[in-house]
Amino acid sequence: MFRGCKVKEFSLTADTDAALRLSVGFDSALCYTDTGRLETSNKGDRYNAHRIFEDTANTDQKRKEAGIAVGTQKPYMFYNGTISMLGTQLGQVVSFTLNGKTGVEQYYTIGGANIANSATDQVPFAGTRNPTLAVEGKTEYDLEMEIIVDDPLFYHNMRRSVENFDDTDEAAQTDSDMIRLSFNKVVSSGTAESIDILIDDYYVVEAPLPIPEDKGPLRATLKILPKAVKVIAVDTVI
């Protein structure tokens, strides 16, 4: 069992051939094993095994909330992906990877206590070998994506900074002022499941526009350094 966990880094990636995938790296303040079976009396009373079908998802509604209902146990495969900037659709998304680092650092301090250790201790030596401080640092993001350009003129003006896209009135700024990555499923009726990633306060550090072959699409690989990232997810199952 891991407790007191702090996420150090994460990566969200997707392409046209696979599902939306999330990988997370974390450090934990405590790590211990259930030692209830080692006790002479009341064996196994230290930790009650969590069984999702019996505890959290013991009804149809709760199984939907837990994501294990019939028809929901599948990865999020998006079928439409677009990128828009300042309210204008810039292109079709081929693939993207969003990385983040929280800058969390674990610190160890001197315990200074002579603590006896027994076979049934949940944490060896009462946790003196575990970190006592988890300090959050600067959060950093980087985003790489490959797109097929829909509006080359707008794309070209954005690269050359011909127009001033910044809104001087902060109160008037809306989601259209951000980079918006939208991924949704297609349904015959009703609202589809969707994920929107809003990127605000960013720098486009690389935006090449290579010349394609004859009658080929304009494909560009963007590298962006966001300062703030917001995710809006819509789950129509619940």
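Residues numbered from 1 in each chain as written. Predicted model: local features only at pLDDT ≥ 70, side-chain atom pairs only at ≥ 80, totals over all residues. Heavy atoms only, no water.

(A) Layout of the pairing of strand β10 (residues 179-184). Pairing geometry for strand β5 (residues 80-85) and β10, over 6 bridges, is antiparallel. Within β10, the residue paired with Gly81 across the bridge is Phe183. Note: β10 against strand β11 (residues 194-206), 6 bridges, orientation antiparallel. Counted as the bridge partner of Arg180 is Leu198 from β11. (Pairing = 2+ DSSP bridges. Helix = DSSP H or I, 4+ residues; strand = E, 2+ residues; numbered from the N terminus.)

(B) Local environment of a nonpolar patch on the surface. A cluster of nonpolar side chains, contributed by Phe2, Val7, Leu22, Val24 and Phe26, occupies part of the molecular surface with about 480 Å² of accessible area. Broken down by element, the residue count for the nonpolar patch peaks at 3 residues, all from strand β3 (residues 21-27). Relative to the elements of secondary structure, Phe26 occurs in strand β3. (Patch = residues over 30% accessible without salt bridge, like charges linked within 9 Å, V, L, I, M, F, W, Y side chains within 5 Å. Areas by Shrake-Rupley, 256 points an atom, 1.4 Å probe, with all protein chains shown as cover. Salt bridge = Lys/Arg side-chain N within 4 Å of Asp/Glu carboxyl O.)

(C) The nonpolar core, seen in detail. Counting residues in hydrophobic clusters, the biggest one holds 26 residues, and the most contacted among them are Ile83, Phe96, Leu143, Met145, Ile147, Leu181 and Ile197. Breaking this core down by element, the ones donating at least two residues are β2 (6-15), β5, β6 (88-101), β9 (140-149), β10, β11 and β12 (219-234). Non-local contacts of Leu181, meaning those with residues more than four positions away in its chain, are made with Thr82, Ile83, Val93, Phe96, Leu143, Met145, Ile195, Asp196, Ile197 and Ile199. (Core = buried A, V, L, I, M, F, W, Y, C linked by side-chain atoms within 4.5 Å. Buried < 20%, exposed > 50% of the residue type's maximum accessible area, 1.4 Å probe, protein only. Contact = heavy atoms within 4.5 Å.)

(D) Seen up close, the pairing of β2. As paired strands, β2 and β3 are joined by 7 bridges and run antiparallel to one another. Bridge assignment links Thr13 to a residue of β3, and that residue is Arg21. Following β2, the chain reverses through 5 residues before pairing antiparallel with β3.

(E) How the structure looks around the confidence of the model for the chain. Of the residues in the chain, 81% have a pLDDT of 70 or more, and the chain-wide mean is 77. For the chain, helix α2 (residues 152-160) is the element with the lowest average pLDDT, namely 69, and β3 is the one with the highest, namely 90. Counting interchain partners and residues more than four positions distant, the pLDDT-below-50 stretch residues 167-173 has 3 contacts. (pLDDT = per-residue confidence, 0-100.)

(F) Structural detail: the side chain of Thr13. Counting through the fold element by element, Thr13 comes out in strand β2. Using a relative accessible area of 18% as the deciding quantity, one classes Thr13 as buried. Polar side-chain contacts of Thr13 include one of 3.1 Å to the backbone oxygen of Phe96. Here the side chain of Thr13 touches Thr97 through a polar contact of 3.1 Å, side chain to side chain. Excluding anything up to four places from it in sequence, Thr13 contacts Ala19, Leu20, Arg21, Phe96 and Thr97. (Polar contact = N/O pair within 3.5 Å; in protein donor to acceptor, adjacent residues only side chain to side chain.)

(G) Representation of unusual backbone geometry. With phi around 55°, Asp201 is a residue other than glycine that occupies positive phi space. Structurally, Asp201 is set in strand β11. Among the residues examined, Asp201 registers a relative accessible area of 46% and is labelled partly exposed.

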